[in-house]
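Remarks on the overall topology
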Amino acid sequence: MLGWNYESVQLTMDKYALKANTLKPDLVALDKYMEFTDAYKQTGPCCFSPNARYIAAAVDYRLVIRDTLSFKVVHLFSCLDKISYIQWALDSEYLLCGLYKRPIIQVWSIAQPEWTCKIDEGPAGIAYARWSPDSRHILTTSDFQIRLTVWSLLNTACVHVKWPKHPVKGVSFTRDGKFAAVCTRRDCKDYINLLSCDSWEIMGVFAVDTLDLADIEWSPDDSAIVVWDSILEYKVLIYTPDGRCLLKYQAYESALGVKSVSWSPCGQFLAIGSYDQMLRVVNRLTWKAFAEFMHLPNVRGSSCAVVFKEEDEQPQLDIAGLSLNGDPYDNSFDMSERQIGVRYEVAELPITLPFQKPAADKPNPKQGIGLMAWSSDSQYIYTRDDTMSTTLWIWDMQQLQLAAILLQKDSIKAAAWDPKSCRLAFCTGSSHLYMWTPSGAYCVIIPLPHFTIVDLKWSSDGTYLLLKDKESFCCAAVPILEESTDYSSDE
């Protein structure tokens, strides 16, 4: 692993100056140690196993498995065609590869590398495949949503569900793995089918009040199912497993509707992001919206939020290595090979954020809450309004207010919360990794030449970050986050 990287951290220490917004707070630079692996080739999907012991990466038609201790190759599987999609089983013993050009599914075993499995739907084709919670069944959706098939790795039995609504969406499992909810559509009506994950028998079917169902998701306690309509109709519905409607929520009419929906990990809140640039939060106890957060380009001076703005650092020339007797016209020192550092400056309020008005004559306008996710403790939620793609908003659900705004130079590509602590990592397609905690925000320089981060994922134990470039990937060993106080808290 490469251990020579330094982490440039700027933390805001003077919270009283932040609240007054009259004095620019001191920025204290802290050096932390973060290790990076070498860059490894990939041509498609790559991800950690659920137990965080392995990393699977697709390299054309080969599936490369590395362990997360030495990052050496422990398994190498050859598929019949280029790999389009990979997914680990929940027990980390099997993984499937989608070869959608064929289209077939190949399954591989970590414990028994010689074992092989191939799933072929014939003329029906395969649009998508996913594991069941027991890690011994695979659900495939055929082309044109003709049927959903449940394949068993234990025997040759298979079960069919006709007319699934979507190839990728529209299927959700309970946390205990006992039931699956599958959306179907027939006679111009949407239905939810409840299947037992033991026998795969249909336990019940009920219709839902949607015009064109977009997706569903079980609540974290498995007691309710949230259903939301397509973007043409703002409608969010909550159903019990027996089909009783607990909530019909419609914030407005005659405009583009819901864009993203997410349960909080604690199961108490349901966040709804929509095309009107609003984040609405519903309380599960009362089934009523208790908070509405607007994403406006003009941030007022009365706001309690801290605005972190990314700024370039001027490269410093190290004169220690210069020689007075050398050739003054020697071009061996190439400044272009040196990475330009960045840092966060705390911007003074009020401030106007970069805003791009969506084109009115094009479909699928870039507006509304396109990215949204809860922290593992359900205290914070981040959002990105697509009309302000360079801005990341972080909301405090305890104080019910905006906690921080991170203003980047480039559009935010991906963001992910640490699964074990309150730490957010995100990327913008540059050579820097950005992080935020309740104590501040900082930028990390990637010590790999010409490596730009376009996607990132955490390992399940929060010890590694997988950073993906267009044709390669690397891993970063992340230090354990120490307990710290919130810079925006009152004393």
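Described in the following lines is the structure provided in the data block. Every value quoted in this text rests on a predicted model; they were computed, and no experiment measured them. Per-chain numbering applies: the sequence of each chain, read as written, is numbered from 1 onward. Given that the model is predicted, a residue must reach a pLDDT of at least 70 before its local features are reported, and side-chain atom pairs must reach 80 or more before they are shown or counted; all residues, however, enter totals for whole chains, interfaces and linings. To get the side-chain values, take all heavy atoms of the structure and skip hydrogens and water.

Side note on the packing of aromatic side chains
Any aromatic ring pair is given by two values, namely how distant the centres are and how the planes are angled relative to each other. Pairing of aromatic side chains here covers Phe, Tyr and the six-membered ring of Trp, requires ring centres within 6.5 Å, and sorts the geometry by plane angle: under 30 degrees stacked, over 60 edge-to-face, intermediate tilted. Applying the stated criterion across every chain yields a total of 21 aromatic pairs. A ring pair is formed by F71 and Y464, whose centres lie 5.5 Å apart and whose planes are at 80°; its orientation type is edge-to-face. Residue F71 is found in the loop between β7 (62–67) and β8 (73–78), and its partner Y464 is found in strand β42 (residues 464–468); the two are separated by 393 residues along the sequence. Judged by relative accessible area, F71 falls into the buried class, the value being 4%. Three exposure classes are used, based on accessible area relative to the maximum for each residue type with a 1.4 Å probe and protein chains only: buried under 20%, partly exposed in between, and exposed over 50%. The class of Y464 is buried, set by a relative accessible area of 15%. Ring centres of W417 and W436 lie 6.2 Å apart, and the angle between their planes is 80°; on these two criteria the pair is classed as edge-to-face. One end of the pair, W417, is in strand β37 (residues 414–417); the other, W436, is in strand β39 (residues 432–437), and 19 residues separate them in sequence. Numbering goes from the N terminus for both helices and strands, where a helix is a DSSP run of H or I of at least four residues and a strand is a run of E of at least two.

Quick notes on the side chain of R423
Structurally, the position occupied by R423 is in the loop between β37 and β38 (424–427). We call two N or O atoms a polar contact when they sit within 3.5 Å, provided that within protein one can donate a hydrogen and the other can accept it, with sequence-adjacent residues counted only if both atoms are side-chain atoms. Here P479 takes part through its backbone oxygen, which lies 2.9 Å from a polar atom of the side chain of R423. Pairs of residues are marked as contacts when any of their non-hydrogen atoms sit within 4.5 Å. Setting aside chain neighbours within four positions, we find R423 in contact with A416, W417, D418, M435, W436, T437, Y442, W458, G462, V478, P479 and L481.

As for the nonpolar core
The term nonpolar core refers to a set of buried residues drawn from Ala, Val, Leu, Ile, Met, Phe, Trp, Tyr and Cys, joined through side-chain atoms within 4.5 Å. By size, the foremost hydrophobic cluster in this structure holds 24 residues, and its most contacted members are L279, V281, I351, L353 and I381. Contributions of two or more residues to this core are made by β26 (269–274), β27 (278–283), β28 (288–294), β33 (369–374), β35 (391–396) and β36 (401–407). By size, the runner-up hydrophobic cluster in this structure holds 23 residues, among which are V342, L392, I412 and A415.

Observations concerning the pairing of strand β19 (residues 189–196)
Burial analysis of β19 places 7 of its 8 residues in the buried class, which makes it a mostly covered element. Of the strand pairs in this sheet, strand β18 (residues 179–186) and β19 are connected by 8 bridges, and their pairing is antiparallel. Of the residues in β19, the one forming a bridge with A180 is L195. Only strands joined by at least two bridges in the DSSP assignment are considered to pair. Between β18 and β19, which follow one another and run antiparallel, lie 2 residues, and D187 among them has a positive phi close to 55°. Between the antiparallel neighbours β19 and strand β20 (residues 202–207) lie 5 residues, among them W200 with a positive phi of about 60°.

Let's talk about the sheet that holds strand β11 (residues 104–109)
In spatial order, the strands read β9-β10-β11-β12; together these 4 strands make up an open sheet with antiparallel pairing. Strand pairing shows two members of the sheet lacking a second neighbour, β9 (85–88) and β12 (116–119), which therefore form its edges. The sheet shows a mean angle of 20° between the axes of neighbouring strands, direction not considered. In this structure, strand β10 (residues 94–99) lies alongside β11, joined through 6 bridges in antiparallel fashion. Looking across to β11, one finds that L96 is bridged to V107. Only the stretch in contact is used when fitting a helix axis, every axis being a line fitted to C-alpha atoms; angles between N-to-C directions are given from 0 to 180 degrees.

Thoughts on the sheet that holds strand β24 (residues 245–249)
Strand order in the open sheet formed by 4 strands is β21-β22-β23-β24, and the pairing between neighbours is antiparallel. Every other strand in the sheet has two partners, leaving β21 (213–218) and β24 as the edge strands with one partner each. On average, each strand axis in the sheet is inclined to that of its neighbour by 15°, with strand direction left out of account. Sheet topology note: the β21/strand β22 (residues 225–229) ladder contains 5 bridges and is antiparallel. For E217, the partnering residue across the bridge sits in β22 and is V226.

Description of the side chain of Q379
Relative to the assigned elements, Q379 resides in the loop between β33 and β34 (380–385). When near neighbours in sequence (up to four residues on either side) are disregarded, Q379 contacts W395, D396, M397 and Q398.

Considerations on a positive patch on the surface
A grouping of K362, K366, K413 and K470 is seen on the molecular surface, where their side chains present a positively charged patch. Judged by relative accessible area, K362 falls into the exposed class, the value being 57%. Patches draw on residues past 30% relative accessible area with no salt bridge. Two like charges within 9 Å are joined, as are two nonpolar side chains (Val, Leu, Ile, Met, Phe, Trp, Tyr) within 5 Å. The method behind every accessible area is Shrake-Rupley, applied with a 1.4 Å probe, and residues are considered shielded solely by the protein chains displayed. A pair is scored as a salt bridge if a Lys or Arg side-chain nitrogen falls within 4 Å of a carboxyl oxygen belonging to Asp or Glu. Charge assignment: positive for Lys and Arg, negative for Asp and Glu; neither His nor the chain ends contribute. Charge positions come from single atoms, namely NZ of Lys, CZ of Arg, CG of Asp or CD of Glu.

What to know about the environment of L153
Its place among the elements puts L153 in the loop between β15 (147–152) and β16 (158–162). Spatially, the C-alpha atom of L153 lies 8.9 Å from that of S135, the residues being 18 residues apart in sequence. Residue contacts for L153: discarding those within four places in its chain leaves Y94, V107, W115, C117, W131, S135, R136 and I138.

Structural notes on unusual backbone geometry
Between R102 and P103 the backbone carries a cis peptide bond, its omega angle lying at 0°. Its location among the elements puts P103 in the loop between β10 and β11. At the junction of L349 and P350, the peptide bond is cis and its omega measures out at 0° in the coordinates. Its identity is not glycine, yet F144 carries a phi of approximately 60°, on the positive side. On the secondary structure map, F144 appears in the loop between β14 (137–141) and β15.

Some thoughts on the pattern of salt bridges
Tallying each qualifying case throughout the model produces 19 salt bridges. When the shortest N-O distance is used, the salt bridge between R185 and D190 registers 2.6 Å. Accessibility expressed as a relative area gives 1% for D190, which makes it buried. For the salt bridge of K409 with D312, the shortest nitrogen-to-oxygen distance reads 2.4 Å. Here the residue K409 occupies a position in the loop between β36 and β37, and D312 occupies one in strand β30 (residues 306–312), the gap between them amounting to 97 residues. Residues participating in the shared-partner salt-bridge network are K165, R185, D190 and D212.

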